[in-house]
Amino acid sequence: MVTTAVQVGSLSLKNPVLAASGTFGFGREMAQYQDLSRLGGICSKGLTLRPRAGNPPPRVAETSCGMLNSVGLQNPGLDVFLRDELPFMRQQGCAVIVNVAGHSTDEYCEMCRRLDQTPVDAIELNLSCPNVREGCMLIGSDARQIESLIRQVKQETRKPVWAKLTPNVTSIGDMALAAQRGGADAIVLINTLLGLAIDYRTRRPILGNNTGGLSGPAIKPVALRMVAEVSQMVDLPLIGVGGIMNGQDAIEFLIAGASAIEIGTASLIRPTACTDILEEMTALAQADGVTDLAEYRGTLRLWGY
Amino acid sequence: MTCDHPIEHLVTVRSSRRLNSQTTVLTLEAPLIAATAAPGQFVNLSCDHFLRRPIGIMAVLRHEGLVELGIRVVGDGTRELAQKRPGDQLSVLGPLGHGFRLEGLQRVITVGGGSGVFPLFFVQQVCRERGIDALAVCGYRSIDESILRDEYAGLGCQTLFAADAGDLDVAGHAADALKQLLCQLPPVPQTAVLTCGPRPMMQAVAALARDYQLPCQVSLEERMACGIGVCLVCACQVREADGATGYQRCCVDGPVFDAEVVVW
């Protein structure tokens, strides 16, 4: 038997596998195909205060080893989520993490204030969506704004606040340190990389929004590097995400320093990816003689020079 | 909760039949899909590229557990799928999506353009099983690019073939042929027009159906990823009940929509 339970700050998870925001809806569709109580948790689709229609199609372009998306935070808004989706998520027997995206500090604060009164386990601040014009990545690429936003949000809620950071910055370490100073309870690394796909015949971008966020195995090395780098710089728990397709990928993130991992694009290829990857992780651990998945955390042995 | 319906199937290619340089029919040994698939639904097929490829179901042979797919080569992924050989295996998600609604209909007129004739062939197959009066219009660019003519003829339903090049029954688009058909056809209550093909063609078909006060169902196409409703990339613009426009998911809210709600 392999022990799978992990701690992310004050939050206990039955295992380190979380479904990443925007690739799992609110769990309803996925519950048809697997037992969601086997997951560590689900990060909701990114929510905004008011409903959001999202960007014009096309919203997806395939790339080598991945894909670009430009969904643009299409979501029913916080009210509808609280009324129609949260009760369902809460019943699934795994942790519920709500991904929150705002246009402004006020919006983030209002959403966190309202979520404080609900049975969610943690709030994941989306400081990183590359597909909207306001908030999100604009805030998330400025260390001062990250710190200030998290400090204000923390006044509004006692829930654990996770900062999901964007890789589209010069120094991910500076952003992580800012999140730590602001009082974040954990840091989620990484959201998608901003990219462009062109149709050479029409000389137009393939995506209706022109640019989009790159995800999938193509970004795994970037994500691993950022997790490893940030783990040397901050004292907060890290959640690794970016191109995890199998159990080995997931364990690599734990070794790099992550306490938990999120599975995103893999779920779009294989609906049961999250539960499959958890099984693969425990099988690999068993084969390695590792009795507790948490033993992998932060065991990266860098070369000395 | 247990997994009450498996979604991913590892299936074997039974046979492959090339119709022309751009089009191939693959027959898959997929009994679970064959048992439950409805016309207008699709499957999401693995290939060597990152994303799966959504392909409409052309027909099922329930007793043999076989599923037929019409594949039109539009890029590298579909080219690879069209080159699959008997014995090859592939991962298939499905059946997926909301298909055509045939309940309560007494007569169905299918109007397909190009590879749109594939999913409508499944409609015709089911109409025959259920004793629904069915007629078909199939439109192509030319006789050389025409597909499934023998198969449609073999169904025994009245079928009108149209070609832009003028070398089939009707010279012009599928919508032109539909007009010709509707002019001659004595009205039958509970008639519906079901269409699949290029968007401008479906728009013309929907307008014509409206003129004749016939309900029309259209099968939309959009770039897709998951096919199961979680990623929200296959957004189709529709008119909601309150009159406002919004996006719905082609993969699970569609791919078949009432023509009345589609924002063309």
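Nothing here was measured: the structure is a model prediction, and the numbers come from that model. (Residues numbered from 1 in each chain as written. Chains lettered and ligands numbered in written order. Predicted model: local features only at pLDDT ≥ 70, side-chain atom pairs only at ≥ 80, totals over all residues. Heavy atoms only, no water.)

Caption draft 1: Summary view of the side chain of A:Thr166. Residues and elements named next belong to chain A. Of note, Thr166 is situated in the loop between strand E9 (161–164) and helix H6 (172–182). There is a polar contact of 2.9 Å between the side chain of Thr166 and the side chain of Asn168. If sequence neighbours within four positions are ignored, Thr166 has contacts with Leu127, Ser128, Met137, Gly140, Ser141, Ile172 and Thr192. (Helix = DSSP H or I, 4+ residues; strand = E, 2+ residues; numbered from the N terminus. Polar contact = N/O pair within 3.5 Å; in protein donor to acceptor, adjacent residues only side chain to side chain. Contact = heavy atoms within 4.5 Å.)

Caption draft 2: Examining the packing of aromatic side chains more closely. If you walk through the whole model with that rule in mind, you get three aromatic pairs over all chains. Summarising the aromatic geometry, the rings of B:Phe121 and B:Tyr152 are spaced 5.4 Å apart at their centres and angled 75° between planes, so their arrangement reads as edge-to-face. One end of the pair, B:Phe121, is in helix H3 (residues 117–130); the other, B:Tyr152, is in helix H4 (residues 149–155), with 31 residues separating them in the sequence. For the pair formed by B:Phe121 and B:Tyr152, the shared burial category is buried. Pairing B:Tyr140 with B:Phe161 gives two aromatic rings, centres 6.4 Å apart and planes at 20°, and the pair type is stacked. One end of the pair, B:Tyr140, is in strand E8 (residues 133–140); the other, B:Phe161, is in strand E9 (residues 158–163), with 21 residues separating them in the sequence. Taken individually, B:Tyr140 and B:Phe161 each receive the classification buried, so the pair is uniform in this respect. Between A:Arg59 and the ring centre of B:Tyr247, over which it is positioned, the NZ or CZ distance is 4.7 Å. For the cation-ring pair, B:Arg149 lies above B:Phe161, with the distance from its terminal atom to the ring centre recorded as 5.9 Å. (Phe/Tyr/Trp six-rings, centres within 6.5 Å; stacked < 30°, edge-to-face > 60°. Buried < 20%, exposed > 50% of the residue type's maximum accessible area, 1.4 Å probe, protein only. Lys NZ or Arg CZ within 6 Å of the ring centre and 35° of its normal.)

Note that every value here comes from positions in space, so none of it alone points to a role or purpose.
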